[in-house]
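Residues per chain are reported as follows:
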Amino acid sequence: MRLRVGVAERRGRLVERQLLGGRVSLGGRVSLGDRVATVTDVTEALVALHATDPVTVYLSARARSGCAAEQVDAALYADRVLVRMLGMRRTVFVVPASLAGVVQAACTDEVAARLRRQLLKDLAGGGVGDGDADGWLRSVEDGVLRALAARGGGAAGAQLSADEPRLRTQLSYAPGKSYGGTANITSRVLVLMAAEGRMIRGHRRGGWSSGQFEWFLPEAWRPGGLDGGSVVSRDRSAEGSSVEGGARAELARRWLWTFGPAPVADLRWWAGWTGAQTKAALAGVPVAEVDLDGQPGIVLADDLEFPAAPAPAAALLPALDPTPMGWQARTWFLGEHAPPLFDRTGNIGPSVWWAGRVVGGWAQRASGEVVFRLLEDVGADAADAIAAEAGALEVWLGANRVTPRFRTPLERELSA
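This one's a predicted model, so the numbers in the text were calculated from it and none came from an experiment.

## Some remarks on the overall build of the protein chain
A count of helical and extended segments in the protein chain gives 16 helices and 17 strands. Its C-alpha atoms give the protein chain a radius of gyration of 22 Å, within 12% of the compact-globule value 22 Å for 416 residues. Once the C-alpha set of the protein chain is aligned to its principal axes, its extents read approximately 70 × 55 × 45 Å. Across the 416 residues in the protein chain, those meeting the buried criterion constitute 53%.

And the structure:
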């Protein structure tokens, strides 16, 4: 007989494992009275922080640790214990440097292979390379690496395109379409090289909402590169497949600890794997089947018992926070609130949480005021706790202004 795990327990686990109140699990139990010790603790607990919108990294860490923005910068750019990289579902994440090799082998290598195929197809279609687009592209990449080395290991994209002018090669996209046009291949080449583990997104250029970064050779960013130098482009040899399989099993295990119990389909979606890849990954992880209120799910075999749910707590999470983006099936914590909180492509905006479920949304106005709207009746005590959290966030933001990269209906309405 399968163990039954109801919605109440799933929400309790969400609160604890996602560090949203009460007790948290970081290899042991600590009190949130002191908040979580470091930004790295938060990132490790959540597996990875979404970084498509750079501000999300700061607000996700702050919601769980009360950290200052400067502490996030220190972890990324001074201590370099976190790294920004392309990962699951071809999305940019911030991950612990010690986990970068796992994400690379489990997800990014395959993403990089797709990026290379598409770029080569577009180069050939544009007549670039005189019939040898592959040789031409590899020559350009060698030039980029030489330029990085000559500059001491790090440089901005504009500097690299000045050193290697072929990065300014232009391709035409969607000819005849209103959204078509021409663009340099600079960013596509640099993103591809980073996805293959040959470069790293380093220092931020501009304010904390900036999406522009300097590019570094891995060994110039961290001694030995990332994860002891294991982040390298791999082929599909037997050895490479073994590394990939072990990495996927480890990533699946970490996801299940943070987001389980859950349907297998949620893991498949989150990781961006095929059904066969997901099945193979789980074959290397001891799991148990559970009944999620009539829906089959899985949980780590040594994670069957869960203590009493922590006390309810309020949280204001940013757009694309890793908690709501951790599952594809979200009804058990989202209810019927999706339409005002998501954009048309499935990106969630700023959300208000109480006791492990979404109860509203929030936004920041041009004046700096943080405002929220509850989408259900949560009672006076919960409403007061949410208002207090909104006030604390407003103070924390100070003169900074937050506009999500992907706007949602409620965020637009509240911020107007």
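## Considerations on the nonpolar core
Ranked by size, the top nonpolar core spans 120 residues in total, and within it Leu123, Leu160, Leu251, Trp270 and Trp273 carry the most contacts. If you tally residues by element for this core, the top one is helix 5 (residues 100-125), at 12 residues. If we ignore the near neighbours within four places in the chain, the residues touching leucine 160 are Val144, Ala147, Leu148, Ala155, Leu167, Leu190 and Trp215.

## A closer look at the pattern of salt bridges
This structure, assessed with the given rule, holds 26 salt bridges. Note that glutamate 141 and arginine 198 form a salt bridge whose closest N and O atoms lie 3.1 Å from each other. One end of the pair, glutamate 141, is in helix 6 (residues 133-150); the other, arginine 198, is in the loop between helix 8 (186-195) and strand 10 (200-204), and 57 residues separate them in sequence. Assessed through its relative accessible area of 1%, glutamate 141 is described here as buried.

## A short note on the side chain of threonine 323
Examined against the element boundaries, threonine 323 turns out to sit in the loop between strand 14 (314-317) and helix 13 (331-334). A polar side-chain atom of threonine 323 sits 2.6 Å from a polar atom in the side chain of glutamine 18. When neighbours within four sequence positions are excluded, threonine 323 is seen to be in contact with Leu14, Gln18, Leu20, Leu46, Arg64, Phe259, Leu317 and Trp353.

## Focus: the layout of surface pockets
Taken as a whole, the largest pocket spans an internal volume of roughly 790 Å³. In this structure, the largest pocket is lined by 29 residues; those nearest its centre are Val92, Ser187, Val191, Arg201 and Trp215. At 6 residues, helix 8 tops the list of elements feeding residues into the lining of the largest pocket. Here the residues of the lining of the largest pocket sort into 14 nonpolar, 8 polar and 7 charged.

## Remarks on the pairing of strand 12 (residues 287-292)
Here strand 12 shows one buried face, formed by Ala288, Val290 and Leu292, and one open face, formed by Val287, Glu289 and Asp291. Pairing analysis gives 2 bridges linking strand 1 (residues 3-4) to strand 12, with the strands arranged parallel. Within strand 12, the residue paired with leucine 3 across the bridge is valine 290. Sheet topology places strand 12 next to strand 13 (residues 295-300); 6 bridges connect them, and they run antiparallel. Paired with valine 290 across the two strands is glycine 297, which belongs to strand 13.

## Topic: the packing of helix 3 (residues 54-65) against helix 15 (residues 380-397)
Packing of helix 3 against helix 15 brings their axes to within 12 Å, and their N-to-C directions diverge by 130°. Between helix 3 and helix 15, the crossing angle belongs to the class labelled oblique. Relative to helix 15, the crossing made by helix 3 is right-handed. Residue-level inspection shows Tyr58, Leu59 and Arg62 of helix 3 in contact with helix 15, the latter providing Glu389, Ala392, Leu393, Trp396 and Leu397. Within the contact of helix 3 with helix 15, the residues separate by chemical class into 6 nonpolar, no polar and 2 charged.

## Side note on the sheet that holds strand 17 (residues 370-374)
Judged by pairing direction, the sheet is antiparallel, and its 4 strands sit side by side in the order 14-15-16-17 without closing on themselves. One side of each edge strand has no neighbouring strand; the edge strands of this open sheet are strand 14 and strand 17. Adjacent strand axes in the sheet meet at a mean angle of 30°, parallel and antiparallel pairs treated alike. Where strand 16 (residues 357-364) and strand 17 come together, 5 bridges link them in antiparallel fashion. If you follow alanine 363 over to strand 17, its bridge partner there is valine 371. Strands in contact with helix 15 are strand 14, strand 15 (351-354), strand 16 and strand 17; relative to strand 17, the strand with the most contacts, it is inclined by about 155°.

## Observations regarding the pairing of strand 15
The two faces of a sheet get side chains in turn, since along a regular strand they alternate between them. Residue alternation in strand 15 divides its side chains into two sets, Ser351 and Trp353 and Val352 and Trp354, and both sets are buried. Pairing analysis gives 4 bridges linking strand 14 to strand 15, with the strands arranged antiparallel. Within strand 15, the position partnered with alanine 315 by the bridge is tryptophan 353. Count of turn residues in the strand 15/strand 16 antiparallel hairpin: 2 residues, of which alanine 355 carries a positive phi of about 55°.

## Here we look at the sheet that holds strand 12
The 3 strands lie next to each other as 1-12-13, forming an open sheet whose pairing is mixed. Two strands bound the open sheet, and with one partner strand each, they are strand 1 and strand 13.

So, how was this worked out
- Residues numbered from 1 in each chain as written.
- Predicted model: local features only at pLDDT ≥ 70, side-chain atom pairs only at ≥ 80, totals over all residues.
- Heavy atoms only, no water.
- Helix = DSSP H or I, 4+ residues; strand = E, 2+ residues; numbered from the N terminus.
- Rg over C-alpha atoms; globule rule 2.2 N^0.38 Å.
- Buried < 20%, exposed > 50% of the residue type's maximum accessible area, 1.4 Å probe, protein only.
- Core = buried A, V, L, I, M, F, W, Y, C linked by side-chain atoms within 4.5 Å.
- Contact = heavy atoms within 4.5 Å.
- Salt bridge = Lys/Arg side-chain N within 4 Å of Asp/Glu carboxyl O.
- Polar contact = N/O pair within 3.5 Å; in protein donor to acceptor, adjacent residues only side chain to side chain.
- 1 Å grid on protein atoms, 1.4 Å probe; cavity = no way out; pocket = protein on both sides within 12 Å on 5 of 7 lines; lining within 4 Å.
- Points joined across faces, edges and corners; volume = space filled by probe spheres on them.
- Nonpolar A, V, L, I, M, F, W, Y, C, P; charged D, E, K, R; others polar.
- Pairing = 2+ DSSP bridges.
- Axes fitted to C-alpha atoms, helices over the stretch in contact; angles between N-to-C directions.
- Parallel < 35°, antiparallel > 145°, perpendicular 65-115°, else oblique.
- Left-handed = near helix turned anticlockwise from the far one by under 90°.

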